[in-house]
Amino acid sequence: MSLQALIFDVDGTLADTERDGHRPAFNAAFEEAGLDWRWDVPMYGELLAVTGGKERIRYYLERFNTEFERPDNADAWIAGLHKAKTRHYVRMLGEGLIPLRPGVRRLIDEARAAGLRLAIATTTTPENVTALLSATLGPDSIGWFEVIAAGDIVPNKKPDPAIFVHALEAMNLPAEACIAFEDSRNGLISSTGAGLRTLVTVNDYTRDDAFEGAAMILEHLGEPDQPAAVLSGGTGARVVDIDMLRNELAG
Ligand code: XBP
Ligand code: MG
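Summary of the structure given here.

Definitions and cut-offs
Residues numbered from 1 in each chain as written. Chains lettered and ligands numbered in written order. Predicted model: local features only at pLDDT ≥ 70, side-chain atom pairs only at ≥ 80, totals over all residues. Heavy atoms only, no water. Donors = N, O, S within 2.8 Å, 3.2 Å for Na, K, Ca; no water. Helix = DSSP H or I, 4+ residues; strand = E, 2+ residues; numbered from the N terminus. Buried < 20%, exposed > 50% of the residue type's maximum accessible area, 1.4 Å probe, protein only. Contact = heavy atoms within 4.5 Å. Near = heavy atom within 4 Å. Polar contact = N/O pair within 3.5 Å; in protein donor to acceptor, adjacent residues only side chain to side chain. Areas by Shrake-Rupley, 256 points an atom, 1.4 Å probe, with all protein chains shown as cover. Nonpolar A, V, L, I, M, F, W, Y, C, P; charged D, E, K, R; others polar. Pairing = 2+ DSSP bridges. Axes fitted to C-alpha atoms, helices over the stretch in contact; angles between N-to-C directions.

### Some points on the coordination of the magnesium ion (ligand 2)
The coordination sphere of the magnesium ion (ligand 2), as far as protein atoms go, consists of Asp-9 (OD), Asp-11 (O) and Asp-183 (OD), spread over 2.1 Å. In the primary structure, the donors to the magnesium ion (ligand 2) are separated according to the pattern D-x1-D-x171-D. Within this pair, whereas Asp-11 is found in the loop between strand E1 (5-8) and helix H1 (17-32), its partner Asp-183 is found in the loop between strand E4 (178-182) and helix H8 (185-193), the two being separated by 172 residues in sequence. Both residues of the pair, Asp-11 and Asp-183, belong to the buried class.

The structure is reproduced here in structure tokens:
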């Protein structure tokens, strides 16, 4: 079936948001709430085992800070803490602190020029997605994505396939007509669980993940003057463009 749409993950795929975006935003929210919790870079790597910010805070308390006495209304309290984190994160994006990864803008421009449809499937909060798109590709770019499937829109976050299934249903497309872009094992399990061929671009937190089932694994999407290292798959091309997706990945 011919290629009709590209579905992008956000965190770690469009931009390296986790280490220098979400992590400091969580820490700023903790400080503001008078908590002495600080998530350093290695600890945050362990916390990434669980997707979703509220879920990640719960996991931290269950696994790494069991002494902490939670308030009675723990869910609402965590939701409030997470809301503050989102506020800090959106502010950081607005300050232009987090750029897109190599090749992302180019590939999105090429996909639009080729008439491909675009969607997003992410675990993060919807306003984080629109803030990132707006700060990097400009406010109009929000409308380039036919579907922005994000956050609590599905009950179970990645690695559950629900968010990709939701995006496919909203576009009324079969998985065979699409390619997904992911950066993590949880993301890959989710996308392949929805039947999607998936191209993985690794980052410092995910390069040692096991990526069985990925159609191709690269360092990043590549630019003509900055070709990507190919870690697995493909036939040697080091810049991901539409021809390459059609020739090497589309079924
Ligand atoms: C991203 C996530 C998100 C972000 C934080 O996973 O797990 O939770 O880390 O965003 P993926 P929120 O890239 O696989 O979608 O705090 O808004 O959840
Ligand atoms: Mg990701």
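Resuming the write-up.
### Comments concerning the environment of Arg-38
Tracing the backbone shows Arg-38 in the loop between H1 and helix H2 (41-47). Since its relative accessible area comes to 42%, Arg-38 is described here as partly exposed. The spatial distance from the C-alpha of Arg-38 to the C-alpha of Leu-14 is 26 Å, given a sequence separation of 24 residues. Those residues within four positions of Arg-38 in sequence are excluded, and the remaining contacts are Asn-27, Phe-30 and Glu-31.

### With respect to the site of ligand 1
For ligand 1, the set of nearby residues contains 18 residues, the closest of which are Gly-53, Arg-56, His-82, Lys-85 and Thr-125. A distance of 2.7 Å is found between an oxygen atom of ligand 1 and a side-chain nitrogen or oxygen belonging to Glu-18. Contacts to ligand 1 include Arg-56, whose side-chain N or O atom sits 2.6 Å from an oxygen atom. The fraction of the free accessible surface of ligand 1 (450 Å²) that becomes covered by protein chains is 98%. With three residues, the top contributor of residues to the shell around ligand 1 is H1. Of the residues contributing to the shell around ligand 1, the split by class is two nonpolar, 10 polar and six charged.

### Structural notes on the pairing of E1
Residues of E1 alternate between two faces, with Ala-5 and Ile-7 on one and Leu-6 and Phe-8 on the opposite face, all of them buried. The sheet contact formed by E1 and strand E2 (residues 117-122) spans four bridges and is parallel. Bridge pairing in E2 links Phe-8 to Ile-120. With four bridges joining them, E1 and E4 adopt parallel strand pairing. In the sheet register, Leu-6 faces E4, and the bridge partner there is Ile-179.

### Some remarks on the sheet that holds strand E7 (residues 230-233)
The strand order E3-E2-E1-E4-E5-E6-E7 describes an open sheet built from seven strands, whose pairing is mixed. Where the open sheet ends on each side, the last strands, each with one partner, are strand E3 (147-150) and E7. Looking at each pair of strands side by side, their axes are set apart by 15° on average, direction ignored.

### Things to note about the environment of Ser-184
With respect to the helices, strands and loops of the structure, Ser-184 is situated in the loop between E4 and H8. For Ser-184, a relative accessible area of 16% translates into the label buried. Expressed as a C-alpha distance, the spacing of Ser-184 and Pro-159, which sit 25 residues apart in the sequence, is 9.6 Å. Dropping the residues within four chain positions of it, Ser-184 is found in contact with Thr-206, Asp-209 and Phe-211. Among the polar contacts listed, one links the side chain of Ser-184 to the backbone nitrogen of Gly-187, at a separation of 3.0 Å.

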